[in-house]
Every structure is written in C-alpha cells, then in structure tokens.
Amino acid sequence: MSAEDPAVGKPNPFYRPAFGQVVRRQFIGLMAATFGWTLLPSVSAQEKKGKGGGKGGKGGGGGDDTSKARGPAFQGEYVLPESLAEFAKVSLIFGRATDKAITASLLPASTLEAFLEIGTAKGRYTRKTTVTPLPAGKATEIVIDGLSPNTEYFYRLNYRKPGAGNYTQRAEARFATQRAPGSSFVFTIQGDSHPERAQSSHPDLYSRTLVTAAADKPDFHICIGDDFSIERVRTINEANCQIPYLLQRPFLGLVGSVGQVFLMNGNHEQGSLFNFAQKDERHDVAVGVQKARNSLYPTVGTEGIYSGPTEPFKEIGPLKSYTSWTWGDALFVLLDNYWHSPALVDSGFGGKNGKEEKGADKKNRDWWGITIGDAQYKWLKKTLETSKAKHKFVFAHHVLGSGRGGVDEADLYEWGGQGKKGEGSFKEKRPGWELPIHQLMVKHKVSVFFQGHDHLYCQQEKDGIIYQELPMPSDHGYIAYNEDRYQSGKKLPSSGYVRVTVTPASAKVEYVRCFLPKDETPDTKHGMIAHAYEVKARTT
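As a starting point, this report considers the structure included with it. (Residues numbered from 1 in each chain as written. Predicted model: local features only at pLDDT ≥ 70, side-chain atom pairs only at ≥ 80, totals over all residues. Heavy atoms only, no water.)

Side note on the overall build of the chain
Step number 1: In terms of regular secondary structure, the chain is built from twelve helices and 24 strands.
Step number 2: Residues counted as buried form 60% of the 540 residues belonging to the chain.
Step number 3: Of the accessible surface of the chain, which amounts to about 20900 Å², a share of 53% is contributed by carbon and sulfur atoms. (Helix = DSSP H or I, 4+ residues; strand = E, 2+ residues; numbered from the N terminus. Buried < 20%, exposed > 50% of the residue type's maximum accessible area, 1.4 Å probe, protein only. Areas by Shrake-Rupley, 256 points an atom, 1.4 Å probe, with all protein chains shown as cover.)

Looking at the side chain of Gln178
Step number 1: Within the secondary structure, Gln178 sits in the loop between β10 (173–176) and β11 (185–190).
Step number 2: For Gln178, a relative accessible area of 17% corresponds to the buried category.
Step number 3: A distance of 2.7 Å separates a polar side-chain atom of Gln178 from the backbone oxygen of Thr326.
Step number 4: In this structure, Gln178 is in contact with Thr98, Asp99, Pro149, Asn150, Ile305, Thr326 and Trp327, ignoring residues within four places of it in sequence. (Polar contact = N/O pair within 3.5 Å; in protein donor to acceptor, adjacent residues only side chain to side chain. Contact = heavy atoms within 4.5 Å.)

Regarding the sheet that holds strand β19 (residues 457–462)
Step number 1: Strand order across the open sheet formed by seven strands is β15-β16-β17-β18-β20-β19-β21, with mixed pairing between neighbours. Each of the sheet's edge strands pairs with one partner strand only, and the pair in question is β15 (323–327) and β21 (490–492). Between one strand and the next, the sheet's axes are offset by a mean angle of 15°, whatever the strand orientation.
Step number 2: Pairing of β15 with strand β16 (residues 330–334), which is carried by five bridges, proceeds in the antiparallel orientation. Note that in β16 the partner of Trp327 across the bridge is Ala330.
Step number 3: Strand contacts of helix α9 (residues 374–386): β15, β16 and β17 (391–395), with the helix running at about 175° to β16, the strand carrying the most contacts. (Pairing = 2+ DSSP bridges. Axes fitted to C-alpha atoms, helices over the stretch in contact; angles between N-to-C directions.)

Points about helix α8 (residues 281–296)
Step number 1: For α8, which comprises 16 residues, the first-to-last C-alpha distance of 22 Å matches the rise-based estimate of 22 Å (1.5 Å per residue) to within 8%.
Step number 2: In terms of burial, α8 is largely enclosed, as twelve of its 16 residues are buried.
Step number 3: Along α8, the positions that sit buried rather than exposed are Arg282, His283, Val285, Ala286, Val287, Gly288, Val289, Gln290, Ala292, Arg293, Asn294 and Leu296.
Step number 4: Where the residues of α8 are buried, they touch β3 (102–108), β13 (235–236), α5 (238–241), α6 (243–256), β14 (260–263) and α7 (273–276). (Expected span 1.5 Å × (residues − 1).)

A short note on unusual backbone geometry
For residues besides glycine, phi is generally negative; the peptide bonds are generally trans as well.
Step number 1: In this structure, the amide linkage connecting Ser494 to the following residue, Ser495, adopts the cis form with an omega of 15°.
Step number 2: Along the chain, Ser495 turns up in the loop between β21 and β22 (496–502).
Step number 3: At Tyr413, a position not held by glycine, the phi torsion is positive, near 50°.
Step number 4: Locating Tyr413 in the fold gives a position in helix α10 (residues 413–416).

Notes on the pairing of strand β4 (residues 112–119)
Step number 1: Where burial is concerned, most of β4 is hidden: eight out of the eight residues are buried.
Step number 2: Neither face of β4 is open: one carries Leu112, Ala114, Leu116 and Ile118, the other Glu113, Phe115, Glu117 and Gly119, and all of them are buried.
Step number 3: Alignment of β4 against strand β6 (residues 132–134), held across three bridges, turns out to be antiparallel. What sits directly across from Glu113, in β6, is Pro133.
Step number 4: Relative to strand β8 (residues 152–160), β4 runs antiparallel, the two being bridged by seven bridges. Pairing of Gly119 across the sheet is with Phe154, part of β8.
Step number 5: Examined bridge by bridge, β4 and strand β5 (residues 127–128) share two bridges and lie antiparallel to one another. Within β5, the residue paired with Glu117 across the bridge is Lys128.

So, the packing of α6 against α8
Step number 1: Where α6 meets α8, the closest approach of the two axes is 9 Å, and the angle between their N-to-C directions is 30°. Between α6 and α8, the crossing angle belongs to the class labelled roughly parallel. In this structure, the crossing between α6 and α8 has a hand that is right-handed. Here Tyr245, Leu246 and Arg249 of α6 come into contact with α8, specifically with Val289, Ala292, Arg293 and Leu296.
Step number 2: Looking at the contact of α6 with α8 residue by residue, the class counts come to five nonpolar, no polar and two charged. (Parallel < 35°, antiparallel > 145°, perpendicular 65-115°, else oblique. Left-handed = near helix turned anticlockwise from the far one by under 90°. Nonpolar A, V, L, I, M, F, W, Y, C, P; charged D, E, K, R; others polar.)

Quick word on α9
Step number 1: Taking 1.5 Å as the rise per residue, α9 with 13 residues should run 18 Å; its terminal C-alpha atoms sit 18 Å apart, in good agreement.
Step number 2: Among the residues making up α9, those that are buried are Gln376, Tyr377, Trp379, Leu380, Thr383 and Leu384. With its buried residues spanning 165° around the axis, α9 presents them on a single face. For α9, the exposed residues lying more than 90 degrees away from the buried face are Ala375, Lys378, Lys382 and Thr386.
Step number 3: Along its buried surface, α9 packs onto β15, β16, β17 and α12 (437–443). (Arc of directions from axis to C-beta.)

Some remarks on the environment of Phe313
Step number 1: As for its placement among the helices and strands, Phe313 is situated in the loop between α8 and β15.
Step number 2: In sequence terms Phe313 and Val287 are 26 residues apart; their C-alpha atoms lie 9.8 Å from each other.
Step number 3: Setting aside residues no more than four positions away along its own chain, Phe313 makes contact with Leu273, Phe276, Leu319 and Trp339.

Here we look at the packing of aromatic side chains
Step number 1: A full pass over the atoms with the stated rule returns 41 aromatic pairs.
Step number 2: Taking 4.9 Å as the distance between ring centres and 90° as the angle between the ring planes, the aromatic pair formed by Phe220 and Phe332 counts as edge-to-face. Note that Phe220 is positioned in strand β12 (residues 220–223) and Phe332 in strand β16, a separation of 112 residues in sequence.
Step number 3: Note on Phe220: relative accessible area 0%, which makes it buried.
Step number 4: By relative accessible area, Phe332 is classed as buried at 0%.
Step number 5: Look at Tyr478 and Phe515: their rings are 5.2 Å apart centre to centre, the planes differ by 40°, and that puts the pair in the tilted class. Here the residue Tyr478 occupies a position in the loop between β20 (465–469) and β21, and Phe515 occupies one in the loop between β23 (506–513) and β24 (529–536), the gap between them amounting to 37 residues.
Step number 6: With relative accessibility at 0%, the residue Tyr478 sits in the buried group.
Step number 7: Its relative accessible area of 0% is what places Phe515 among the buried residues.
Step number 8: Three or more aromatic residues link up through ring pairs in this structure, and these residues are Phe185, Phe187, Phe220, Phe262, Tyr306, Trp325, Trp327, Phe332, Phe393, Phe395 and Phe450.
Step number 9: Lying over the aromatic face of Phe87, Arg170 brings its terminal NZ or CZ to 4.7 Å of the ring centre. (Phe/Tyr/Trp six-rings, centres within 6.5 Å; stacked < 30°, edge-to-face > 60°. Lys NZ or Arg CZ within 6 Å of the ring centre and 35° of its normal.)

Structure follows, in structure tokens:
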C-alpha cells in the first residue's frame, strides 16, 4: 500500500503486519530452490483439491484465508501492471447515474486539468465539459447533466498539466443513463478483492479481471465488500484512512470508466456502528474509513433514482450505507450488514489489538444482537413491496454479515427466524417486523440474493430464491475457500467475476473465470464461462 502520512496518528487497533508471513514465504521459497521442493501444485490439482476453508468457518466469520492461500506472495507494490499505467495517472470512475445525468469522479496522481468530450455515436462528440482543475491525490467530481434517458453515450477524456500545450487523449469509452422498462443491459459483480493479502490477491490478475469485465460494457459494476481493508495501516488519521481507497482507484477505474461503480461495506472495511460506538481508536477508524469512501468515490445517497438513509450521521454526514434503484426491468437493493448493528457483527481481525472482545467472541456472542436495524428493515420491506420490477436482486456482504455459508445459514436469526439451538423466537427478538428477511424476499419474489465473504463461487437455491456466492477476482491460488460450509449447489474455485445480462424476459448469470497468462491451460482459459444459469422474470 502507499506510504502513510507522517503526521502523528493514533495506533490502529486493527493493524496486522504482513512482514512475518512474507518473510516466511521467502524463506520457504529459498529452501524450495535449494532442495528442489515443489512449492505449489498445478492449477488443475488445486482445483481438484479446491477447499482451503477447512472447518475454520464454524462459529467464526472474519476468516483470514491467508494461512490457507496457495498463491506465492508477490513482491513489490500493489499497483497496475505497466501496460495499464495510464489508468494510474488519472482514474475516472462513474457514479450516480440517473435518467438525465451522471457523475464522473476523476483522481490524478499529479496535478492536472481535464475535460470530457461526449456524444451518442462513436467518434462523434457534440458537447464537452468545461476544463476542470484536478488536484493531485484528490477526487474531483464533474456532473454531466442534460442527458437523454435510456441512452448509451461515448466519451473521450482529455487531460494535461495546467497550462501545458496539447492534451493527452484517452481511448474512447462509454457510459449509459438509466435504462427504461423493456430494455436489456449488462452488469458485473466482484467478490472480495483483498489487495492486502499478498498470497491470495495478485495485482496483475485483479487488473486482468477488471479489464475483462470492462469489455462486457456493463452499465455498472458492484463491489460486494472486503475491498478496502484497513489492516495494513499502522496509525489512524484522516490521510491514512484514505490509503486503501486510494490504492483501489486505478484498479476500479478500469471498469468504472465504462460503467458506474457501487461500493458495499464488508467486515474488513471496519466501518460499523459497533466500532463507531467505542470510546477508543475504533471510533476513529469507523469515521475515517467511511469519510474516505464517500470523499474518494461517487457513492450514492438519495439523489434522483436512488433511495437510502436520509438522516445525516454524526461526524460523517450522509452515511450512504444502503441503497436501491430501478434499472430497466430490475430492482437493485444493496444492504449494509455493519453500519446499523449496535452489536459486533464481525470484526474481521478478532477484537481490539487482535484479541477477542469479552462477551463478543465468535463462539459466545449473541447472534440475535446482530441486525440490519429497524430503519433498514422497514426501508427494505417498503422497497420490495412497492416495486413492480420483473427482476429483484438483493445484495449484502453476507447472510447476517458473518458466519460462513449461503442457504446453510439462511434459516438463522433475523434472516430466517430461528436460533441455532432453538433459543429465542423471531416475534420476541424482532417486534414489529413482519417476516424474517429470507421470508420477506420470498414473499416479494426476489430472484437472486448475491453475497461474498466466503471466497468461492457457489450457486444455491432456497424457496425459489437463488443464493449466489461470489468468487474472488484476484486469487492467484485459484481456491474454493470454505466450500465445506456449502452443503449443496454448484461450487467452483476463484478467480473471476459474475456477469449478469438482464432482458425483460430473463436474467442470465455467468461465472467468467480469470487467470494469469502463465496459469492458463487447455482446460483453464482466461474469460471462459465456468457456469451459467437463467432466471425467468417474475410477475409481482
């Protein structure tokens, strides 16, 4: 990650150094070279083995897969490969698209000025934005309004150093405004990218995955969470909380420059109500990371076609934690597992200073205490019951935000209404709630529930709803972690992303596998479709 701000900051209670595991890996590599050991099995052997999860998920949730990773730790900075270095000079990420406008967020590595040329036909630009100054390392937003609904636009970015001669012109790209009912479109989704994990996240594979996703011309790309871990940041201050978010900008700009990006909180982001409520450094972490997210990315609030929490949040402003919108014939609902639960959901790294909190450890905590909150539940209920969309897609980092598994966990607590050991009752624990979340989704004919957290691809079904676990986009060990926690369904290892093609009649879901060039074989080709299925439109 980038160098930390030298300004004095508070110690990060979630700090976890990478040095020890890298040194150990280097030592093993040296011994392997000396004695001829085989350090890694082949890709095909890994995929046959394909577990990596063991029983570590039982009673747990954060799940650091580093110890189980089979990829060799890469050396050096987590940066784009040289062939894509142009996107590190200035990253462009779209967001907040409506039927008449879109926001372009530009963040340069050095001070620049820029404008966009825009048109509805390739190579023919009928308007351009004003020249806008771009301070180094800061996100500057350009609102492009006066657009036509349900339209694909083509644009070209022009930038230069202030006062310099000619502008550098980036290759033409595209974006789209809100699709009308009856339209078809594509969106893409990635699971946990975890760039802080040198043995299970490779920058070259991550960038190759995102370039491939961008070639699908998605109207938007959804990040399911665990993309901005704070654990490599030693001290906490405003600048240091931005480090994970700045690191991701060039990468997400690869796909964000053709379709808007939606960010979701995972457990490793450490943005949570539980952390916010503490009276120590955890409070500062929660505030710092959420402010970084909202300042460095064009996150959505309640603008235009989007709905979400409306009350400003102390020290942060608009929280922008959960949201929904309609696009074509589909409703999209992004839930937040962490910002509305007073109880610890999943610390990601244990408790403060790496130790479990007394009474909040994963074995003994009160799982009925974990919640999306009354306000988010009421919003979810109203959103689902008032939507007339033919497709309804719901997203969360994970069922309950913790634990392991998909439908295997869907009967539990506020999600399914049952205590694991019969403790408590839904009516007692959630007064005023009509139904547990799963039953609410069944009632209102949700098509697919997408989740991450478990680091594998798995498609399951329960009561007519597809539960879709998302693969990592960057795991160069190509592992199916935690597969023992999925007792049914189609299970496959990472890496790759999920592409969804939505038409009025159906939604086609495809798992696009991604590999480093050196790891491709006749049976493992980059861009191959490893699994696909179709979900028919549902009448409300």
